[in-house]
Amino acid sequence: MRRALIVGGSLGGLFAGCMLMRAGWDVLIIERTGGRLEARGAGLGVHASMLQGLLAAGARVDAGVGVPIAGRAVLGRDGAVVAEIAMPQLCTSWARLYTLLSDVFPEERVRRGAALVAVEQDAAGVTARLADGSSLRADVLVAADGVRSTVRAQLAPQTAFVYAGYIAWRGLAEERDFSPRTHAALFHRFAFALPEGEQMLAYPVPGEADDVAPGRRRYNFVWYRPVEAQRALPAMLTDADGRVHQGGIPPQAIRPDVLGALYRDAEALLCPAFAETVRIVEQPLFQPIGDLESPQMAFGRVALLGDAAFVARPHVAMGAIKAGQDAIALAAALSDAPVEAALRHYDAARRPASAALVAESRRLGAYLEGTLGRIARDPVKLMRENGGVQHSTVDGGLFVRLLAQAGYP
Ligand SMILES: Cc1cc2nc3c(=O)[nH]c(=O)nc-3n(C[C@H](O)[C@H](O)[C@H](O)COP(=O)(O)OP(=O)(O)OC[C@H]3O[C@@H](n4cnc5c(N)ncnc54)[C@H](O)[C@@H]3O)c2cc1C
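Residues numbered from 1 in each chain as written. Predicted model: local features only at pLDDT ≥ 70, side-chain atom pairs only at ≥ 80, totals over all residues. Heavy atoms only, no water.

Q: So what's going on with the overall build of the protein chain? Residues and values would help.
A: Looking only at helices and strands, the protein chain features 12 helices and 18 strands. Here the protein chain has a C-alpha radius of gyration of 21 Å; the compact-globule value for 409 residues is 22 Å, and the two agree. Within the protein chain, the proportion of its 409 residues that are buried is 55%. Put simply, of all contacts in the protein chain between residues at least 6 apart along the chain, 72% involve residues at least 24 apart. Surface accessibility of the protein chain: about 17,100 Å² in total, with carbon and sulfur atoms responsible for 53%. Taking the 43 positively charged and 42 negatively charged side chains of the protein chain as two groups, their mean positions are separated by 2 Å. (Helix = DSSP H or I, 4+ residues; strand = E, 2+ residues; numbered from the N terminus. Rg over C-alpha atoms; globule rule 2.2 N^0.38 Å. Buried < 20%, exposed > 50% of the residue type's maximum accessible area, 1.4 Å probe, protein only. Contact = heavy atoms within 4.5 Å. Areas by Shrake-Rupley, 256 points an atom, 1.4 Å probe, with all protein chains shown as cover. Lys, Arg positive; Asp, Glu negative; His and termini not counted. Charge placed at Lys NZ, Arg CZ, Asp CG, Glu CD.)

So, in structure tokens, the structure goes:
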């Protein structure tokens, strides 16, 4: 049996692991983190292409995959609806997808607390060197080790994440903590606000233990804000002990004064409902937004997948979907060709699509970079373009059926 070694047990690694296992591969996932991964407080939109990935992975998908909503609205500073569109969709969370995929992939095929430090390959196979001094051998190695990929750093060291000049504050608010007034204004919809040069968006997602029952859901917000790169960003990434977290600061290390500024700005710039949403989130976090594009997705017997290969800004809402699409293409390529030829096919199939996605996300986020000056934004166009529902039947019509079940035929 051919053996696949997957580095990284997050969504990309699980998508690839499930699909290769179903295709008859002997799969082992190594994951640096010791225990089960915890969601980093953010939501995701469900699209047909996401369901296609979940189905290809063998996941059991039903109406519990997300929270159904009827449409979108842009709210003004006073909370009045500036523009509104119907756009039925389901919204979910990273945690929900992680559960769906983890339920399929056998836990005994995951080695937790195992970190890859180097990779070597020869004509017969590929060898992964681990941090504990041991090594593993396989026919193919799939690097699903994220934006700071160790594998990519070795094989394409010139590739770097390029900060775009703005950050995303994110957080999950518990449904039970909303005032009745704010709940009525926001919870049933995907809502936006457009302060000058910024963008706020928020939508309901499953709650604790993936619960989609009313009262137990959460509301996910993402607030894009320009932050200057040389001084302001490093200052925000510095914890109370003076340590700078270049690659991203853990939520609990964000200084109180940085959080204080967030709450003050929310009161000053957002409508009361959005300001309340920011205020009631227990642990807001922020991440620098940027782009990453690998020159290749295949290096002999090594494939880069998901965020390890390309990172598109969240405006296209495709991070998890892209990882699923990569996995579909990889499993298909490996089904009918020797490994190196298969990975060349994979590269040819996925690299142009990924580069196009990065370009589109860059276009959508350009006005947040703070370099275009004041530009008028068409609220309806913005709502349609940012993570808008794409009609497609790649999932055999499941997306449409789930919406119909939720009362949105
Ligand atoms: C814990 C976690 C929580 C997240 N929560 C959210 C969220 O709430 N919302 C959202 O939109 N996105 C979230 N993301 C990001 C999201 O998963 C990705 O943007 C996207 O789905 C593509 O995933 P990926 O598997 O390619 O990369 P990632 O999700 O970044 O996963 C990479 C994995 O590789 C592991 N790894 C890295 N280096 C090594 C190594 N050398 N050896 C072994 N393992 C290694 C990491 O520990 C990690 O689990 C989260 C990611 C993680 C890891």
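Structure shown, so let's carry the discussion forward.
Q: Give me the environment of Ile29: which residues, what numbers.
A: The topology assignment puts Ile29 in strand E2 (residues 26-31). Residue classification places Ile29 among the buried positions, given a relative accessible area of 0%. C-alpha of Ile29 to C-alpha of Arg109: the two residues are 80 residues apart in sequence and 6.3 Å apart in space.

Q: Break down the site of the ligand for me, citing the residues and quoting the values.
A: Lining the immediate environment of the ligand, one finds 28 residues, of which Ser10, Gly12, Glu31, Trp94 and Asp307 sit closest. Here a nitrogen atom of the ligand sits 3.0 Å away from a polar atom, N or O, in the main chain of Leu116. Bound to the protein, the ligand loses 89% of the 920 Å² it would expose on its own. Elements that contribute at least two residues to the shell around the ligand include exactly helix H1 (11-22), E2 and helix H9 (319-335). A class-by-class count of the residues in the shell around the ligand yields 12 nonpolar, 9 polar and 7 charged. (Near = heavy atom within 4 Å. Polar contact = N/O pair within 3.5 Å; in protein donor to acceptor, adjacent residues only side chain to side chain. Nonpolar A, V, L, I, M, F, W, Y, C, P; charged D, E, K, R; others polar.)

Q: Could you give me a rundown of unusual backbone geometry, with the residues and numbers involved?
A: Although it is not a glycine, Asp210 adopts a positive phi angle of roughly 65 degrees. Tracing the sequence through the fold places Asp210 in the loop between strand E13 (199-205) and strand E14 (218-226). If you check the backbone angles, Ala317 has positive phi at about 50 degrees while not being a glycine. With respect to the helices and strands, Ala317 occurs in the loop between strand E18 (310-311) and H9.

Q: Can you lay out the sheet that holds strand E8 (residues 125-130) for me, pointing to particular residues and giving the numbers?
A: Strand order in this open sheet of 3 strands is E7-E8-E9, and the pairing throughout is antiparallel. Bordering the open sheet on either side are strand E7 (116-122) and strand E9 (135-138), each of which pairs with just one other strand. Pairwise comparison of adjacent strand axes, ignoring direction, gives a mean angle of 20 degrees for this sheet. Bridging between E7 and E8 involves 6 bridges; their strand directions are antiparallel. For Asp122, the partnering residue across the bridge sits in E8 and is Gly125. (Pairing = 2+ DSSP bridges. Axes fitted to C-alpha atoms, helices over the stretch in contact; angles between N-to-C directions.)

Q: So what's going on with the packing of helix H2 (residues 48-57) against helix H12 (residues 398-405)? Residues and values would help.
A: One can describe the packing of H2 onto H12 by two numbers: an axis separation of 8 Å at closest approach and a directional angle of 110 degrees. In terms of their interaxial angle, H2 and H12 are classed as roughly perpendicular. Note on element contacts: H12 touches H2 through Leu398, Phe399 and Leu402, opposite Ala48, Leu51 and Leu55. Residues that form the contact of H2 with H12 fall into these classes: 6 nonpolar, no polar and no charged. (Parallel < 35°, antiparallel > 145°, perpendicular 65-115°, else oblique.)

Q: I'd love a proper account of the packing of aromatic side chains, names of residues and values included.
A: Going through the model one piece at a time under the given rule, you end up with 8 aromatic pairs. Ring plane angle 15 degrees and centroid distance 5.1 Å describe the contact between Phe190 and Phe192, whose orientation is recorded as stacked. The two residues Phe190 and Phe192 agree in class, both being buried. By way of ring pairs, the aromatic residues Phe178, Phe187 and Tyr219 are connected into one cluster. Looking at Arg72, its charged tip hangs above the ring of Phe190, at a distance of 4.0 Å from the centre. Against the face of Trp223 rests Arg225, its NZ or CZ located 4.2 Å from the ring centre. (Phe/Tyr/Trp six-rings, centres within 6.5 Å; stacked < 30°, edge-to-face > 60°. Lys NZ or Arg CZ within 6 Å of the ring centre and 35° of its normal.)

Treat this as a map of the structure, not an account of what it does.
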